[in-house]
Amino acid sequence: MNADLAERDVRQRAHRVGLLWLTLSLLLVPAVSPAASSPVLFQKLLADVDNREVLLINVEYAPGESTPLHRHNAHTLVYVVEGAIEMQVEGGPLTRVDAGEVFYETPEDIHTVSRNASDEAPAKFIVFFVKKPKVPATVMGQ
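Residues numbered from 1 in each chain as written. Predicted model: local features only at pLDDT ≥ 70, side-chain atom pairs only at ≥ 80, totals over all residues. Heavy atoms only, no water.

A. Spotlight on the pattern of salt bridges. One pass over the structure, following the stated rule, counts five salt bridges. For Lys124, the salt bridge is made with Glu82, and the minimal N-O distance between the two is 3.8 Å. In this pair, Lys124 sits in strand E9 (residues 123-131) while Glu82 sits in strand E4 (residues 74-82), placing the two residues 42 residues apart along the sequence. With relative accessibility at 36%, the residue Glu82 sits in the partly exposed group. We note a salt bridge from Arg115 to Glu86, for which the minimum N-O separation is 2.6 Å. You can see Arg115 sitting in strand E8 (residues 110-116) and its partner Glu86 sitting in strand E5 (residues 84-89), a full 29 residues away along the chain. Take Arg115: its relative accessible area is 31%, and that puts it in the partly exposed class. (Salt bridge = Lys/Arg side-chain N within 4 Å of Asp/Glu carboxyl O. Helix = DSSP H or I, 4+ residues; strand = E, 2+ residues; numbered from the N terminus. Buried < 20%, exposed > 50% of the residue type's maximum accessible area, 1.4 Å probe, protein only.)

Everything listed here is a matter of coordinates, which is why it stays silent on function.
Rendered as structure tokens:
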């Protein structure tokens, strides 16, 4: 029973963090029209945080769309704005992330599954990276 309460508490905290970053992104960044290239919404060097930068991107998956195997050179938070996505890192469970929920990855994780959970509706999400400057956030095929 305590494990269930702890897991619920973690999910609620992750949801609140996702809402915080979504709110900040909406307040600090002008509207960006959706594009297949995942436009950068916000990027800032955080010199006082061990020389890291924040990178925020807006992603939209068409119905049934997925991304092949990859990893991120960053601590990564994914906040789903609309629809649902399925995420999995190597050795972890397949996780469905619905609108209003957050998925987290470490820089060491290999992202094995990243796909729209629906074959009929788009999924929209914001990806928040904390990474070293001048290092690509995503490396495909890792």
